[in-house]
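Listed here are the chains, written in short residue letters.
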Amino acid sequence: MAASSNSSLSGSSVSSVYSEPRSPRELPKYAEEYQPPIWKSYLYQLQQEAPRPKRIICPREVENRPKYYGREFHGIISREQADELLGGVEGAYILRESQRQPGCYTLALRFGNQTLNYRLFHDGKHFVGEKRFESIHDLVTDGLITLYIETKAAEYISKMTTNPIYEHIGYATLLREKVSRRLSRSKNEPRKTNVTHEEHTAVEKISSLVRRAALTHNDNHFNYEKTHNFKVHTFRGPHWCEYCANFMWGLIAQGVRCSDCGLNVHKQCSKHVPNDCQPDLKRIKKVYCCDLTTLVKAHNTQRPMVVDICIREIEARGLKSEGLYRVSGFTEHIEDVKMAFDRDGEKADISANVYPDINIITGALKLYFRDLPIPVITYDTYSKFIDAAKISNADERLEAVHEVLMLLPPAHYETLRYLMIHLKKVTMNEKDNFMNAENLGIVFGPTLMRPPEDSTLTTLHDMRYQKLIVQILIENEDVLF
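All figures in this text were calculated on a predicted structure; none of them were measured in a lab. (Residues numbered from 1 in each chain as written. Predicted model: local features only at pLDDT ≥ 70, side-chain atom pairs only at ≥ 80, totals over all residues. Heavy atoms only, no water.)

Draft legend 1. Inspection of the side chain of His266 at higher detail. Structurally, His266 is set in the loop between strand S9 (264-265) and helix H9 (292-299). Residue classification places His266 among the buried positions, given a relative accessible area of 1%. With residues near it in sequence (within four places) discarded, His266 still touches Met160, Cys241, Cys244, Asn246, Phe247, Met248, Trp249, Gln254, Gly255 and Val256. (Helix = DSSP H or I, 4+ residues; strand = E, 2+ residues; numbered from the N terminus. Buried < 20%, exposed > 50% of the residue type's maximum accessible area, 1.4 Å probe, protein only. Contact = heavy atoms within 4.5 Å.)

Structural data, given as structure tokens:
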């Protein structure tokens, strides 16, 4: 709900609750002593002060009352009658059917010494805006909280992002050695059994904010930029924003959470968060169909480990195999390899003892590229590559391809570079495998690049240019990369 009026908040009120994080010198030396910064409680206090819903019950039985409304429904009445029924009581509300539009329903709510009327909808849940509620009572409660906070603290809210704690996380570097050691511990390494309860509790206190800060300062040489994957989230119990440290108000959908790293922020704060997402392996459910940059950052690798493992296996025993990449392996076995990577990650066994047919491994590698939600050659650069392929002059075309390559996200660029080096090795064994750059372009063109729009006509029209781009990348990999 949008507030009908706004009032400014005095500076003194804001400063009394706008607590700043402590400086690094004041912070503890060990992770066990770590305490997160005090969150700013002003908005929480306002939520506690917000008017409570007061349902005004209709004294008579209303005919044709919708089954999903209770006795707060008063039938067809005018705005003036609704205003009179609410009696000037803050938080009082009724439901009514519109006189002007029969069959349309309105929530009449008393707030700020006036009666506010909202068009009310129901599709299994009740809503007047984006949020959907199980009951009218919850909808009104959330609405009153929002109206009250946005009226009382409009100026404060508009300035919440001006001095975020997110930009003052130098204290996290004090923890990086201990945190990085815990995070990088391999799954099969035996845990120490003599860890005290206090140590365990301290580690749990380390927020996702501190975890990311520690990771950005560790020995990760592949710290590619990655945007956060924010999705609207309902938080149970009081929650504070990890960007501005302010309370996240409301009953439901109070903010957003990054599904890759777990960062919790206000929706308005999410627009200011840097592209520094550090995905947590616990949140990455699978390897295939996972965003490429997300996967490499979660595993702290230059390229997707599927690409490294498969190419290593192919180069060890398959470079001379006739029809390499053109000949298909059994679909069931390729799916088995996919499941092995999803289940076991880098520990997946794809050796000759398990899969003697090298075409199963090449099939699994091609499937990985096809399953990427964003292709290796991204949707954003697709048309630019196609335009480059259409240039008739060979030198100009090569220069245009190089310019577009520079637009690829770093993880995509590195993956493509490594693959082209591998495919160049395949062509060097053409006399045995009968696979030249043109043949590999036919195979990998539609695998590595797809048009943004799902159009069969566009795909068919662009196939020769897709093939040409991959052929150029293979033949000129030493110049282009």
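What follows continues from the structure just given.
Draft legend 2. Geometry of the state of the cysteines. The full count for this structure, using the stated rule, is zero disulfides. A disulfide-free cysteine, Cys244 has its sulfur positioned 3.8 Å from the sulfur of Cys269, the nearest such atom. By relative accessible area, Cys244 is classed as buried at 0%. Between Cys289, a free cysteine, and Cys290, which holds the nearest cysteine sulfur, the sulfur-to-sulfur gap is 9.0 Å. (Disulfide = S-S within 2.5 Å.)

Draft legend 3. Spotlight on the pattern of salt bridges. By the definition in use, this model includes 18 salt bridges. Residue Asp260 is joined to Lys226 by a salt bridge in which the shortest nitrogen-to-oxygen separation is 2.8 Å. A residue pair is termed long-range when its members are at least 10 positions apart, and Asp260 in the loop between strand S8 (255-258) and S9 and Lys226 in the loop between helix H8 (208-216) and strand S7 (230-233) qualify at 34 residues. Using a relative accessible area of 10% as the deciding quantity, one classes Asp260 as buried. Arg317 is the partner of Glu313 in a salt bridge, and the nearest nitrogen-oxygen pair spans 2.6 Å. (Salt bridge = Lys/Arg side-chain N within 4 Å of Asp/Glu carboxyl O.)

Draft legend 4. The sheet that holds S9, seen in detail. Pairing is antiparallel in the open sheet, where three strands are placed in the order S7-S8-S9. If you trace the sheet from one side to the other, it starts and ends with S7 and S9, each paired once. Inspection of the sheet shows S7 paired to S8 by four bridges, in the antiparallel sense. Paired with Val232 across the bridge in S8 is Val256. (Pairing = 2+ DSSP bridges.)

Draft legend 5. Region of interest: the nonpolar core. In this structure, Tyr325, Phe341, Phe369 and Phe444 are the most contacted members of the largest nonpolar core, which totals 68 residues. Of the residues forming this core, the biggest block, eight residues, is contributed by helix H12 (residues 358-371). Leave out the neighbours within four places in its chain, and Phe444 touches Tyr325, Lys366, Phe369, Leu419, Leu423 and Val470. Val140, Ile157, Tyr166 and Val273 belong to the second largest nonpolar core, which has 47 residues in total. (Core = buried A, V, L, I, M, F, W, Y, C linked by side-chain atoms within 4.5 Å.)

Draft legend 6. Spotlight on the packing of helix H17 (residues 437-448) against helix H18 (residues 456-475). As a packed pair, H17 and H18 sit with axes 7 Å apart at the nearest point and diverge in direction by 120°. With respect to H18, the element H17 is oriented oblique. Handedness of the H17/H18 crossing: right-handed. Across from Ala437, Glu438, Leu440, Gly441, Ile442, Phe444, Gly445, Pro446 and Leu448 in H17, the residues of H18 making contact are Gln466, Lys467, Val470, Gln471, Ile474 and Glu475. Split into classes, the residues belonging to the contact of H17 with H18 amount to eight nonpolar, four polar and three charged. (Axes fitted to C-alpha atoms, helices over the stretch in contact; angles between N-to-C directions. Parallel < 35°, antiparallel > 145°, perpendicular 65-115°, else oblique. Left-handed = near helix turned anticlockwise from the far one by under 90°. Nonpolar A, V, L, I, M, F, W, Y, C, P; charged D, E, K, R; others polar.)

Draft legend 7. Highlighting H17. Within the sequence span of H17, burial applies to Ala437, Leu440, Gly441, Val443, Phe444, Gly445, Thr447 and Leu448. Looking at the buried positions of H17, the neighbouring elements they touch are H12, helix H15 (410-427) and H18. The distance from a side-chain oxygen at the start of H17 to the backbone nitrogen of Glu438 is 3.1 Å, and the residue carrying that oxygen is Asn436. (Polar contact = N/O pair within 3.5 Å; in protein donor to acceptor, adjacent residues only side chain to side chain.)

Draft legend 8. Spatial organisation of the packing of aromatic side chains. According to the stated counting rule, one finds twelve aromatic pairs in the structure shown. Here Tyr69 and Tyr105 contribute two aromatic rings whose centre-to-centre distance is 5.6 Å and whose plane-to-plane angle is 75°, an arrangement assigned as edge-to-face. Linking Tyr69 in the loop between strand S1 (54-55) and strand S2 (73-76) with Tyr105 in strand S4 (residues 105-111), this pair joins segments that are 36 residues apart in sequence. Take Tyr105: its relative accessible area is 15%, and that puts it in the buried class. Considering the side-chain rings of Tyr288 and Phe341, the 6.5 Å spacing of their centres and the 35° angle between planes classify their relative orientation as tilted. Placement of the pair is Tyr288 in the loop between S9 and H9 and Phe341 in helix H11 (residues 331-344), with a sequence separation of 53 residues. Classification of Phe341 by relative accessible area gives buried; the value is 0%. Three or more aromatic residues joined by ring pairs form one cluster here, namely Tyr68, Tyr69, Phe73 and Tyr105. Stacked on the ring of Phe127, the Lys or Arg Arg132 has its end atom at 3.8 Å from the ring centre. A cation sits over an aromatic face here: Arg303 above Tyr418, 3.7 Å from the ring centre. (Phe/Tyr/Trp six-rings, centres within 6.5 Å; stacked < 30°, edge-to-face > 60°. Lys NZ or Arg CZ within 6 Å of the ring centre and 35° of its normal.)

Draft legend 9. Looking closely at the confidence of the model for the protein chain. Here the protein chain averages 83 in pLDDT, while 80% of its residues score no lower than 70. For the protein chain, helix H1 (residues 11-15) is the element with the lowest average pLDDT, namely 31, and H12 is the one with the highest, namely 98. Confidence drops under a pLDDT of 50 for residues 1-36, and excluding neighbours within four residues, the segment shows 74 contacts in the predicted structure. Low pLDDT, under 50, characterises residues 170-221; the predicted model gives this stretch 72 contacts beyond four residues in sequence or across chains. (pLDDT = per-residue confidence, 0-100.)

Draft legend 10. Layout of the environment of Tyr69. Judged by its relative accessible area of 3%, Tyr69 is buried. Excluding anything up to four places from it in sequence, Tyr69 contacts Leu95, Tyr105, Leu120, His126 and Ile136.

Draft legend 11. Broad picture of unusual backbone geometry. With phi around 65°, Cys289 is a residue other than glycine that occupies positive phi space. Checked against the element boundaries, Cys289 lands in the loop between S9 and H9. In this structure, Asn300 takes a positive phi of about 55° despite not being glycine. Relative to the assigned elements, Asn300 resides in the loop between H9 and helix H10 (305-317).

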